[in-house]
Amino acid sequence: MKLMYKVTLAMSCDSSPTAGLIIPLHKKLMQEFSSNETDSPFLKKLKAAVHENLEKRYQKEDLVRFLEEATCFDPRVKDAAPEEMQPNQDTTTSKPIRE
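Structure report, in brief. Small disclaimer: the values here were computed from a predicted structure and weren't measured.

Across its 15 residues, helix H3 (residues 41-55) extends 21 Å between first and last C-alpha, which sits within 8% of the 21 Å expected from 1.5 Å per residue. Buried within H3 are the following residues: Lys 47, His 51 and Leu 54. One side of H3 holds all its buried residues, which, seen down the axis, span an arc of 60°. Every exposed residue of H3 that faces more than 90 degrees away from the buried side is listed here: Pro 41, Phe 42 and Lys 45. Taken together, the buried residues of H3 touch helix H2 (19-32).

Further remarks concern the environment of Leu 46. Tracing the chain through its elements places Leu 46 in helix H3. Along the sequence, Leu 46 and Ser 35 sit eleven residues apart, while their C-alpha atoms lie 9.2 Å from each other.

The nonpolar side chains of a soluble globular protein tend to be buried with one another. Among the nonpolar cores identified, the biggest contains eight residues, and these are Val 7, Leu 21, Leu 25, Leu 29, Met 30, Phe 33, Leu 54 and Val 77. Ranked by residues supplied to this core, first place goes to H2 with four residues. Setting aside residues no more than four positions away along its own chain, Val 77 makes contact with Gly 20, Leu 21, Pro 24 and Thr 71.

What counts as what
- Residues numbered from 1 in each chain as written.
- Predicted model: local features only at pLDDT ≥ 70, side-chain atom pairs only at ≥ 80, totals over all residues.
- Heavy atoms only, no water.
- Helix = DSSP H or I, 4+ residues; strand = E, 2+ residues; numbered from the N terminus.
- Expected span 1.5 Å × (residues − 1).
- Buried < 20%, exposed > 50% of the residue type's maximum accessible area, 1.4 Å probe, protein only.
- Arc of directions from axis to C-beta.
- Contact = heavy atoms within 4.5 Å.
- Core = buried A, V, L, I, M, F, W, Y, C linked by side-chain atoms within 4.5 Å.

As C-alpha cells, this is what we get:
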C-alpha cells in the first residue's frame, strides 16, 4: 500500500504537471499488482481486482499518444526507460545526449 500512497501523491501534485508521469506510474502499478505464486488467496484476489481496474484505464489511442509524448518530454522520467528500450553500448556507436 506504500506504493499506492506514493503514486497518489505524485499524481495529485499541484506544483508541476503530471501528464508525463501517468504512463510510467500506470506500468509500475500494473507490475506491482500482478499475482505471484507466493501470494495468499486473499492477496491474489485483491491484486486481481486492482489489476483488472487498472487494465481498463488509458485505453483510447489519442490519449495514449498524448501521454506517451508527455512522458518523452518530462525530465523526471528522462533516464527511466525500460532496459529493453535503452541502447546497448556494446553494439551501437551512438552516445546518449547529455546537457
